[in-house]
Amino acid sequence: METTKPFEISKALIWDAWVRVKANKGAAGVDGETIEQFEVNLQGNLYKLWNRLSSGSYFPPAVRTVAIPKKDGGERKLGIPTVTDRIAQMVVKLVFEPLVEPYFHEDSYGYRPNKSAHQALDVTRKRCWRNDWVLEFDIRGLFDNIDHQLLMKAVKKHTDNRWLILYIERWLTAPIDENGASINRVRGLPQGGVISPVLSNLFMHYVYDSWMERTFPRIPFCRYADDGLAHCRSESEAISVKVALAERLAVCGLEMHPEKTKIVYCKDDDRKGCYPITSFDFLGYTFRPRRSKNRYGKFFINFTPAMSAKAGKAIRQEIRGWNLPVRSDKSLMDLSRMFSSVIQGWINYYGRFYRSAMYPTLRHINRKLCLWATRKFKKLRHHKRRAEHRLGEIALLSPNLFPHWRIGLRSSVG
């Protein structure tokens, strides 16, 4: 006797979702099961998930929440679904994302395929050159305050697939597990869920992106998740956008962050007005007037981005967390293997624009390596200057040992 499932979900789709979840790694959820433990009975676990998804009997478990510190103080609650739930969310994402992605605005850059933070920074830099004013805004607790009814209205606008709608609704109302206590959720999305970035982008597309196109069609804007910018020609225009946007967010159940929202004057050699705010932070970079050199070798003041002070502080804190001075049991090659990929990641991201701004932070690594050398070698003990010279000699002979040595930062002072 043949049996049919209410929903047609291919096993190949389940497998594709598993491969992507495994590649992303991630911690265990509320059930404590890791990816390695899930893989022990991989075929049985995937079949069980396919059977439940196809029959409509899959109900998401509670999402474990972990508080992680923010760079500017405070905490952000990160939701960690179980491995099984991450695979289920990936299944829905693989089907749902292609349905909504073509409708998203070209200046929405957060958590989208073929979009990056560097693209957002580059377009922002060029627009700051052409427009005198910037409205920088931030939404207070976007992921915690998304209205479920408005979100589902947007979802149903793009699909009538019954199982997509069913499981998205179930994930919206899945409980949160905080220190063993289960809390029902009536608003928001778990920040850390596989499907959450797509849903939050869909929500913000209608709350902000398409609204800006209708209301202020001549004003270019850029958005990365809950951080956004609007480039205005005058201060009065920026004030008008700010007032209208605050009203728009309130209608949609959101609030503009009062401290992180500001109107900025893009001051440079050609714009010499005197205003109190002439800088803003966006995606780990600070945009402000800086001394630059043109192609003819002449210096001028340019409004351009460079690594922010907050980002530099966060990197130095992480470097201190490596405890390099007390790792005298490790060789220089060991330290290179342990930390080179992280250093290269910093250079790749923060070295894209005005790279010299990150040099003092990278030299902090050399200072810690000097302290390591004074403990590692008896001849260098209590001789920091001698240790610095010795490391400089090694850097000249083996510049590829550390990524920042390859770009010429082989001294802790120069």
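Basis of the calculations
- Residues numbered from 1 in each chain as written.
- Predicted model: local features only at pLDDT ≥ 70, side-chain atom pairs only at ≥ 80, totals over all residues.
- Heavy atoms only, no water.
- 1 Å grid on protein atoms, 1.4 Å probe; cavity = no way out; pocket = protein on both sides within 12 Å on 5 of 7 lines; lining within 4 Å.
- Points joined across faces, edges and corners; volume = space filled by probe spheres on them.
- Helix = DSSP H or I, 4+ residues; strand = E, 2+ residues; numbered from the N terminus.
- Nonpolar A, V, L, I, M, F, W, Y, C, P; charged D, E, K, R; others polar.
- Pairing = 2+ DSSP bridges.
- Axes fitted to C-alpha atoms, helices over the stretch in contact; angles between N-to-C directions.
- Contact = heavy atoms within 4.5 Å.
- Phe/Tyr/Trp six-rings, centres within 6.5 Å; stacked < 30°, edge-to-face > 60°.
- Buried < 20%, exposed > 50% of the residue type's maximum accessible area, 1.4 Å probe, protein only.
- Salt bridge = Lys/Arg side-chain N within 4 Å of Asp/Glu carboxyl O.
- Polar contact = N/O pair within 3.5 Å; in protein donor to acceptor, adjacent residues only side chain to side chain.

A few words now on empty space enclosed by the protein. Scanning the entire structure with this criterion turns up two cavities of 30 Å³ or more. Its volume calculated, the largest cavity comes out at about 50 Å³. If you trace the largest cavity, you find it lined by Val63, Asp85, Gln89, Trp171, Leu172, Leu189, Pro190, Ile195, Ser196 and Leu199. Listed by contribution, the elements that provide at least two residues to the lining of the largest cavity are helix 4 (83-100), helix 8 (162-172) and helix 9 (196-215). Along the lines of polarity and charge, the residues of the lining of the largest cavity split into seven nonpolar, two polar and one charged.

Moving on: the sheet that holds strand 3 (residues 133-138). Here we have four strands laid out as an open sheet, ordered 6-7-3-8, and antiparallel in their pairing. Looking along the sheet, the strands with just one partner apiece sit at the ends: strand 6 (221-224) and strand 8 (262-265). Adjacent strand axes in the sheet meet at a mean angle of 20°, parallel and antiparallel pairs treated alike. Two elements, strand 3 and strand 8, share four bridges in a ladder whose sense is antiparallel. Across the sheet, Val134 pairs through a bridge with Val264, a residue of strand 8. Relative to the sheet, helix 9 contacts strand 3, strand 6 and strand 7 (227-232), its axis offset from that of strand 6 by approximately 170°. Sitting on the sheet, helix 10 (residues 235-251) is in contact with strand 3, strand 7 and strand 8, with an inclination near 20° to strand 3.

Moving on, we get to the packing of aromatic side chains. Under the counting rule described, the total for this entry stands at 21 aromatic pairs. Between Tyr285 and Tyr350, the ring centres sit 6.0 Å apart and the planes meet at 35°, which makes this aromatic pair tilted. Residue Tyr285 is located in strand 10 (residues 285-293), and its partner Tyr350 is located in helix 12 (residues 332-350); the two are separated by 65 residues in the primary sequence. Given a relative accessible area of 0%, Tyr285 falls into the buried group. With a centroid separation of 5.7 Å and an interplanar angle of 80°, the aromatic rings of Tyr285 and Phe353 are classed as edge-to-face. One end of the pair, Tyr285, is in strand 10; the other, Phe353, is in the loop between helix 12 and helix 13 (359-376), with 68 residues separating them in the sequence.

Moving on, we get to the pattern of salt bridges. Counting across every chain of the model gives 16 salt bridges. Residue Asp16 pairs with Arg20 through a salt bridge whose shortest N-O separation is 3.2 Å. One end of the pair is Asp16 and the other is Arg20, both in helix 1 (residues 11-24) and four residues apart, which spans about a single turn. The exposure class of Asp16 is partly exposed, given its relative accessible area of 30%. Here Lys22 ties to Glu39 by a salt bridge, and the two come within 2.8 Å at their closest N and O atoms.

On the secondary structure map, Phe339 appears in helix 12. In this structure Phe339 comes out as buried when scored by relative accessible area, which is 9%. Along the chain, Phe339 and Thr173 lie 166 residues apart, while their C-alpha atoms are 40 Å from each other. Dropping the residues within four chain positions of it, Phe339 is found in contact with Trp322, Leu324 and Arg327.

Glancing now at the side chain of Asn302. With respect to the element layout, Asn302 can be found in strand 11 (residues 299-307). With relative accessibility at 12%, the residue Asn302 sits in the buried group. A distance of 3.1 Å separates a polar atom in the side chain of Asn302 from a polar atom in the side chain of Trp129. Every residue in contact with Asn302, bar those within four places of it in the chain, is listed here: Trp129, Asp268, Arg288, Pro289, Arg290 and Ser292.

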